[in-house]
Amino acid sequence: MNMPATKIEVETATPAAAAAPVVALTPKRPPRAETYARMARETAVRVIPPLVVIALLTLVWELVCRRAGSALPPPSRVFKDTKELILDPFFDHGGIDKGLFWHLSASLQRVAFGYSLSAIAGIALGVLVGQSVWAMRGLDPLFQVLRTIPPLAWLPLSLAAFRDGQPSAIFVIFITSIWPIIINTAVGIRNIPQDYRNVAAVVQLNPLEFFSKIMIPAAAPYIFTGLRIGIGLSWLAIVAAEMLIGGVGIGFFIWDAWNSSHISEIILALFYVGIVGFVLDRMIAGLGKFVTRGTAQN
Amino acid sequence: MTAYLKLDHIDKVFTRGAATTEVLKDINLTIEKGEYVSIIGHSGCGKSTLLNIIAGLTTATTGGVLLENREVNSPGPDRAVVFQNHSLLPWLTVYENVKLGVDKVFAKTKSRAERDAWVMHNLNLVQMAHARDKRPSEISGGMKQRVGIARALAMEPKVLLLDEPFGALDALTRAHLQDSVMALHQKLGNTILMITHDVDEAVLLSDRIVMMTNGPSARIGEVLEVPLARPRKRLELATSATYLKCRQRVLEFLYERHRFVEAA
């Protein structure tokens, strides 16, 4: 329809179009070796600095704790003392005399159970508080007070209520990790753009469809922030709770090592606690990244 | 002619505490089936509020909207909206965004395969079928708006509501999309109500232009018929006397009689 204009464009465009294939005909694909070298460089840039820092810190630790009469063992002693525990994490001599794998897995099971409960309840309550002004007015002050209570302060109360260590520990995890999940979910729901609500209204989604197709995806980045804080807190809480309730678990393992003055075992256990906490955090972060891959941008 | 869409004495008053602001006053308008009507006015004159009332996203304080002689006061797919900022759901692909509405509207009347074909048909109408599996963040602004139009068209609305649909686009993309909308209107014969603040756009696309006075208490100041034959061609119109006269009328209304006064 705009013939005259197009004609002019075509004429001026021709030289450019002719020039383009010339560029395209000389493909500059880097050789494979070069690609690998670049990948290796990139990995090295990320891996070498922390390794250097760890090596330096270990060296300082060794030098400081090496002297006779030092209260804490140097890394070489730690490794010598705990070699059996490191090499065989799967032994089971009955009772609480088990390998570290069993202690960690007992703790992780409690966390998995308590955290799943708090994720479900937290998201549900967060949606309620985010969606309903009256629920927010009624519940928010309560949440703001309850969330400041330290995890261990709940333990005696839950022991009194459940009369057993296992459910008490799970309850402590639940009550510790639920607050950030509730609060972040509620913020996410409240921040759903009006545009999306309008789209849902025009399409006439029913409440259930609105929940699954708009609310959860739109609030997912916030929900996962809450879930990530929650998993960190529950891992913090379980170690402390297990020190008090006893039985099998990494927290109790640390307490038991302290009671029998195996300082090296404490250090090894701390190392494992840190690694597991890090992995848990990364798992939730990775899951969040996967689920929210469309939502985060834009 | 029978009124297809009728705005009947619509007033809108916003109340915040003790303060009340009258945004719209006594809006009366009838639109015929297949007509393309634009509403033009300075920003803040309540034209978006009016569109929201027709869409059912806001309720009128008094008066009402009649579509085929039935009152409408809640949102629904018979008055699908193309939003200014496209409002595609970023976690869904282009195809899924269009399908969201199709699945709801044709849940009972079309089979799964028919719905799939219908989604693709509408994506084809706006030349976006090639991007069916892309997410909104991966396509350009103009493409997003095309998908927004496809989503609205796919619901087979009785009235298609366009809320400044080209406002966020660059001039070239805008012209291209205007041509597309004109072609679609020609082909499908939809009844279209468009909000705009662009005089050329209004004259080029519309059968009638509704000019609104400045708010508060905005009214319909004047309704201008655009007696240009369709299909219209952008370049030919640039020299058409009728086109220029219509344009002149709208400009006079907006810049002489109802100049935009910045709120003091």
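As recorded by an unreviewed UniProt entry, chain B carries the name Nitrate ABC transporter ATP-binding protein and is attributed to Bradyrhizobium forestalis. Regarding chain B, the UniProt comment filed under Sequence similarities (unreviewed entry) reads as follows: "Belongs to the ABC transporter superfamily."

An unreviewed UniProt entry annotates chain A as Nitrate ABC transporter, permease protein of Bradyrhizobium forestalis. What the UniProt record of chain A gives under Function (unreviewed entry) is the line "Probably part of an ABC transporter complex. Probably responsible for the translocation of the substrate across the membrane." Reading the Sequence similarities (unreviewed entry) entry of the UniProt record for chain A gives the comment "Belongs to the binding-protein-dependent transport system permease family."

Notes on the UniProt feature "transmembrane region" (unreviewed entry) in chain A
Taking the numbering used here, the UniProt-annotated feature "transmembrane region" (unreviewed entry) corresponds to residues 112-130, 168-187, 233-255 and 261-280 of chain A. In the segment residues 168-187 of chain A, helix accounts for 100% and strand for 0%; the C-alpha atoms at its two ends are 30 Å apart.

Quick word on the pattern of salt bridges
Side chains bearing opposite charge may pair, as long as their charged atoms lie close to each other. Here the structure, examined in full by the defined rule, presents 21 salt bridges over all chains. With a shortest N-O distance of 3.9 Å, A:Glu42 and A:Arg38 are connected by a salt bridge. Here A:Glu42 pairs with A:Arg38, and both are found in helix H2 (residues 32-65), just 4 residues apart, close to one helical turn. Here A:Arg38 falls in the partly exposed class, since its relative accessible area comes to 42%. Put simply, B:Asp198 and B:Arg174 hold a salt bridge, and the shortest N to O gap is 3.3 Å. Of the two residues, B:Asp198 sits in the loop between strand S8 (191-196) and helix H6 (199-205) while B:Arg174 sits in helix H5 (residues 171-188), which places them 24 residues apart along the sequence. Counted as one network, the salt bridges with shared partners bring together B:Lys99, B:Asp103 and B:Arg115.

With respect to the nonpolar core
Counting residues in each nonpolar core, the largest one holds 129 residues, and the members touching the most others are A:Trp235, A:Ile250, B:Leu7, B:Leu50, B:Leu123, B:Ile209 and B:Val250. When near neighbours in sequence (up to four residues on either side) are disregarded, B:Ile209 contacts B:Ser38, B:Ile40, B:Ala202, B:Val203, B:Glu222, B:Val223, B:Leu224, B:Val226 and B:Val250. The next biggest cluster of nonpolar side chains, apart from the first, holds 13 residues, and it includes A:Phe143, A:Val172, A:Ile178 and A:Ala237.

Overview of the packing of helix H5 (residues 133-146) of chain A against helix H7 (residues 165-190) of chain A
Residues and elements named next belong to chain A. For the pair H5 and H7, interaxial distance at closest approach is 10 Å and the crossing angle is 145 degrees. H5 and H7 meet at a crossing whose hand is left-handed. Packed against H5, whose contacting residues are Met136, Phe143, Gln144 and Leu146, the element H7 presents Trp179, Ile182, Ile183 and Arg190 at the interface. Of the residues that constitute the contact of H5 with H7, the class distribution is 6 nonpolar, 1 polar and 1 charged.

How each quantity is defined
Residues numbered from 1 in each chain as written. Chains lettered and ligands numbered in written order. Predicted model: local features only at pLDDT ≥ 70, side-chain atom pairs only at ≥ 80, totals over all residues. Heavy atoms only, no water. UniProt positions renumbered as here; feature names shortened; annotations may be inferred. Helix = DSSP H or I, 4+ residues; strand = E, 2+ residues; numbered from the N terminus. Salt bridge = Lys/Arg side-chain N within 4 Å of Asp/Glu carboxyl O. Buried < 20%, exposed > 50% of the residue type's maximum accessible area, 1.4 Å probe, protein only. Core = buried A, V, L, I, M, F, W, Y, C linked by side-chain atoms within 4.5 Å. Contact = heavy atoms within 4.5 Å. Axes fitted to C-alpha atoms, helices over the stretch in contact; angles between N-to-C directions. Left-handed = near helix turned anticlockwise from the far one by under 90°. Nonpolar A, V, L, I, M, F, W, Y, C, P; charged D, E, K, R; others polar.

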